[in-house]
Structures are given as structure tokens and as C-alpha cells.
Amino acid sequence: MASSSIIKTIPLMAIPNFNVCHKLELLKEEGKSGDPKHQEGEGEGEGEEEEVQSYEFQEMLESLPKERGWRTRYLYLFQGFWCQSKEIQAIMSFQKHFKSLQNDVVLATIPKSGTTWLKALTFTVLNRHRFDPVSSTTDHPLLTSNPHDLVPFFEYKLYENGDVPDLSGLASPRTFATHVPFGSLKDSIEEPGVKVVYFCRNPFDTFISSWHYINNIKSEAVSPVSLEEGFDLYCRGVIGFGPFWEHMLGYWKESLRTPEKVLFLRYEDLKQDMESNLKKLASFLDVPFTEEEDQKGVVHSISDLCSFENLKKLEVNKSSKSIKNFENRHLFRKGEVSDWVNYLSPPQAERLSALVDDKLGGYGLTFRYN
Ligand code: PAP
């Protein structure tokens, strides 16, 4: 799925070739597919959970702590964070097989922090000499491809189902994305010169965005997560790739320790001041804007091209699916700061605020969310 959909949607060989070499042996050994009754997705009607997994994988899964899932029946505590069985399968394959190269760029987020936006901006900044964001407004790849097609996820595209993609033909800098926390990523990006951009959004809006999204895309067979239940799970850390505070802290600390390797950006800052943040991103990626580009209005053109309003209205973002089971249109809901005030009660807001202060305040990681 990964290879064909990417090749189909990206013009001019921007990402030329993701052939799957072989499956992760542990997960795909012939004759060891396990008892189908033990499959997590059994009876859920959830396409993502239907894949037959090996007996060893099932055994490993059953040894993990689990909680009620948001989108699938369970979330498992794997390597210290919560995720679905299919994600574990992909992450294991990624960790085993991915080899970083010197100029690789990895975009990291916890879901619903603005991943789609960051992908659009980074792709456009890095490729602005091939795809001019100022004049070629009619044939820019973003006009016909969703950002998730242009910057593939390790866990939802490249290594999905335990696949092992052939990344040898990719143009440099190779640009990938992940939701995996830093602790589970770091061994895979040890090559000097690999750069990580972490995009952080305030936990209030991230929660509301997640709650809407999951209720839009979840299988009919999984009961809806009410706002109250979802909020309680979120505050207990039980959300995909959470606890959110550990996810944020992992990248925050690393950005302070190795600022040349990890850039920490905030959703709210980009909303307030796109120009300086886009310049920061370009400089970090070693492709700073020149004075001439500044005068030509390149920064503004990129900002406009990647804006919520522009992306949301494109046909590809209204009617296609770039990631299996996820309709692109659900990736563009409101794109605002502070929408949470329309959903959370004062006691809920107090609880989350106290949690954020308690978990993150001591590290100097603060947010604007009012
Ligand atoms: P993902 O992690 O599943 O890829 P992600 O893109 O991080 O999702 O989150 C979607 C959120 O980003 C949505 O927020 P909302 O629910 O509060 O509206 C979506 O609207 C917002 N978003 C998507 N594209 C943009 C953009 N170009 N500018 C600002 N916000 C955006």
C-alpha cells in the first residue's frame, strides 16, 4: 500500500521508490499466524486490526499492560507509551530495519499537534527550488497531494504491516515523520547530521482535536468515546503515543541538550508569527532564506500555500484518503487556537491545567492556550 500510493500521488519523482523488500520475519513467519480468535481486531470490523499476526507477536502483545482504546479495542503500553497493535508491529519493523543517513529530516509530533501543517511547511521549504511556491502555484505538489503523501510516516506508511521499504532511491534530504516518542526513536537516528523537528501544540486543543478526529474515523464496532471518558483517559496519559507530557518532555529536553539536532516548535507560535518561525525552520534545516527570497515574498507564499484555509479547500484534501482508513477531510477541522473553551468545563480545565503545571512546569515547558 505504501509504495503504490506514494508513487501514484507525487509528481516528478519527489519520493521515487518505496518497494517493500521483505516483511519483518517475526511477524510474518509462515505457519505461525496464531489463533485467529486471539487477534485483537477479531469482531471489530476494523480494517486496521484484521491483519493476521504471528503467534510470537500475539504472545508479546498479551504480555503488555492494556487499556480501553479510543479507535480500536485496546491500547497497549509498549516501550513506555500507549499504542495500537498495528502500530507496535510497524514500530518494531522500523526500529529493526531503518538506517538513518546524514541529512535525514524527521518530523515528530504527538497526533493532532499540527503534523499535517508541519509536513506541508517542511516539504515546501526544502523543495522550494524545485517547486516554486511563488510562481508555480498551479503545479505545486501540495495542490494535488495531501502532505501525508509527501512526507511519509514511518509507522503508517513505510513500515506498516511490518513492511521493510526500499528507501535507496530517495532524494536527499530524505524527509520522514513519526509519532513515536524520542526514547523509541533515538537509536534509529544516531547518524550525525540527522535533524528532528518537533511540533508541539497545547494539550487542551490537542485533546479536543483528538477527540473529534477519533470519533469521526473510528470503526462502528468500537463504542464512541464520550468527552468525559476521553478526557479522563487523556489526563491519565492513555492516548495514542501518550502520556502527552512524556512525549513533549522527551523532545523538549533533547532540544535543549542538542539544539543543532532537535528543533522544538509550537503550533501557537506559528499561528502568531509565521515569518520568524518559518525562518527558524529553514535555518535549522540548513536552507535559510536569502535576502532576495525575502524580497520576493517567498516566506509569505509558503505560509499562504500551507495555510489551513488553502489546504482545506483543495479537492485532494476533501475527497481522498492518504493513509488507510483515514479520510483527508478529517485532518482539517478548525485549525484554531483555544477551541477547547467550547468543550471543557471549568473543573476539567482546572484539572488539565494543574496536570500540565505539575508535569511540565518544572521544565520550563509552557503553553499559550487562552
Ligand atoms: P495527525 O497527527 O493525525 O496527522 P494533525 O495534522 O496533527 O493530525 O492534526 C490535525 C489538526 O491540525 C486539526 O486541528 P483541529 O481539530 O483543532 O482543527 C487541523 O485542523 C489542524 N490543521 C491541519 N492543517 C492545518 C494548517 N495548515 N494550519 C493550521 N492547522 C492545521
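The structure presented is a predicted model; accordingly, all values stated were derived computationally and were not measured.

A.B. asks: Explain unusual backbone geometry here, please?
C.D. replies: Comment: phi is negative for the bulk of residues other than glycine, and the bulk of peptide bonds are trans. Following Ser-172, the chain continues into Pro-173 via a peptide bond in cis, with omega recorded as 0°. The topology assignment puts Pro-173 in the loop between β6 (165-166) and β7 (175-178). Note that the residue after Gly-242, namely Pro-243, is joined by a cis bond; omega there is 5°. Position of Pro-243 relative to the elements: it lies in the loop between α10 (227-235) and α11 (244-257). Of note in the backbone geometry, Asn-161 takes a positive phi value of approximately 65° without being a glycine. Asn-161 gets classed as buried once you look at its relative accessible area, which sits at 10%.

A.B. asks: When you look at the sheet that holds β7 in this model, what are you seeing that I'm missing?
C.D. replies: Pairing between the strands of a sheet comes from backbone hydrogen bonds, and it takes one of two forms, parallel or antiparallel. Taken together, the 4 strands give an open sheet; going across it, the order is β7-β5-β8-β9, and neighbouring strands pair in parallel fashion. At either margin of the open sheet sits one strand with a lone partner, and together these are β7 and β9 (262-266). Taking the axes of each pair of neighbouring strands and ignoring which way they run, one obtains an average angle of 20° across the sheet. Strand direction decides the pairing type here: strand β5 (residues 105-108) and β7, joined by 4 bridges, are parallel. Paired with Leu-107 across the strands is Ala-177, a residue of β7. Where α11 meets the sheet, it contacts β5, β7, β8 (195-200) and β9, and its direction lies at approximately 125° from that of β9. Where helix α13 (residues 274-284) meets the sheet, it contacts β8 and β9, and its direction lies at approximately 165° from that of β9.

A.B. asks: Would you take a moment to explain the packing of aromatic side chains for this structure?
C.D. replies: The relation between two aromatic rings is expressed through the spacing of the ring centres and the mutual angle of the planes. Per the counting criterion, the structure on display carries 27 aromatic pairs. Here Tyr-198 and Phe-264 contribute two aromatic rings whose centre-to-centre distance is 5.3 Å and whose plane-to-plane angle is 35°, an arrangement assigned as tilted. Of this pair, Tyr-198 sits in strand β8 while Phe-264 sits in strand β9; the two residues are 66 residues apart in sequence, bridging distant segments of the chain. Phe-264 matches Tyr-198 in its accessibility class, with the two residues each being buried. Within the aromatic cluster, the residues linked to one another by ring pairs are Trp-70, Phe-207, Phe-231, Tyr-234, Phe-244 and Trp-245. Lying across the ring of Tyr-74, Lys-66 places its NZ or CZ 4.2 Å from the centre. The lysine or arginine in question, Arg-201, covers the ring of Tyr-267, its NZ or CZ lying 4.1 Å from the ring centre.

A.B. asks: Even after reading the chapter, I still don't get α13, so can you show me in this structure?
C.D. replies: Turn by turn, an α-helix covers 3.6 residues, leaving residues three or four places apart pointing in a common direction. The set of residues buried in α13 consists of Met-274, Asn-277, Leu-278, Leu-281, Ala-282 and Phe-284. Along α13, the residues classed as buried sweep out an arc of 165° about the axis, all on the same side. Elements in contact with the buried residues of α13: α5 (115-126), β8, β9, α12 (267-272) and α15 (298-305). Once α13 finishes, Asp-286 follows within two positions and takes phi at roughly 65°, a positive value.

A.B. asks: Is there a simple way to think about the sheet that holds strand β2 (residues 66-68) in this case?
C.D. replies: Ordered in space as β2-β3-β4, the 3 strands form an open sheet in which the pairing is antiparallel. The open sheet has two free edges, formed respectively by β2 and β4 (81-83), since each of these has just one partner strand. Geometrically, the sheet is characterised by an average inter-axis angle of 30° between neighbouring strands, direction not taken into account. Of the pairings in the sheet, the one linking strand β3 (residues 74-78) to β4 comprises 3 bridges and is antiparallel in character. Within β4, the residue paired with Tyr-76 across the bridge is Cys-83.

A.B. asks: How should the confidence of the model for the protein chain be read in this particular structure?
C.D. replies: In low-pLDDT segments, the atomic positions of the prediction should not be examined closely. Confidence in the prediction for the protein chain averages 86 pLDDT; 85% of positions are at 70 or higher. Confidence over residues 1-48 falls short of pLDDT 50; this stretch has 140 contacts with residues more than four positions distant or in other chains.

A.B. asks: Even after reading the chapter, I still don't get the site of the ligand, so can you show me in this structure?
C.D. replies: Looking at the ligand, there are 21 residues lining it, with Lys-112, Thr-115, Thr-116, Ser-209 and Lys-334 nearest. One nitrogen or oxygen atom from the side chain of Tyr-267 is found 2.7 Å from a nitrogen atom belonging to the ligand. One nitrogen or oxygen atom from the main chain of Gly-335 is found 2.7 Å from an oxygen atom belonging to the ligand. Protein contact buries 97% of the 630 Å² of open area that the ligand shows by itself. Of all elements in the fold, only α5 and α16 (308-313) reach the threshold of two or more residues within the shell around the ligand. In terms of residue class, the shell around the ligand is made up of 8 nonpolar, 9 polar and 4 charged.

A.B. asks: Explain the pairing of β8 to me, please; I cannot follow it from the model alone.
C.D. replies: Looking down a regular strand, the side chains alternate between one sheet face and the other. With 6 of 6 residues buried, β8 lies mostly within the body of the structure. Alignment of β5 against β8, held across 4 bridges, turns out to be parallel. Residue pairing across strands places Val-106 opposite Val-196, the latter belonging to β8.

How each quantity is defined
- Residues numbered from 1 in each chain as written.
- Predicted model: local features only at pLDDT ≥ 70, side-chain atom pairs only at ≥ 80, totals over all residues.
- Heavy atoms only, no water.
- Helix = DSSP H or I, 4+ residues; strand = E, 2+ residues; numbered from the N terminus.
- Buried < 20%, exposed > 50% of the residue type's maximum accessible area, 1.4 Å probe, protein only.
- Pairing = 2+ DSSP bridges.
- Axes fitted to C-alpha atoms, helices over the stretch in contact; angles between N-to-C directions.
- Contact = heavy atoms within 4.5 Å.
- Phe/Tyr/Trp six-rings, centres within 6.5 Å; stacked < 30°, edge-to-face > 60°.
- Lys NZ or Arg CZ within 6 Å of the ring centre and 35° of its normal.
- Arc of directions from axis to C-beta.
- pLDDT = per-residue confidence, 0-100.
- Near = heavy atom within 4 Å.
- Polar contact = N/O pair within 3.5 Å; in protein donor to acceptor, adjacent residues only side chain to side chain.
- Areas by Shrake-Rupley, 256 points an atom, 1.4 Å probe, with all protein chains shown as cover.
- Nonpolar A, V, L, I, M, F, W, Y, C, P; charged D, E, K, R; others polar.

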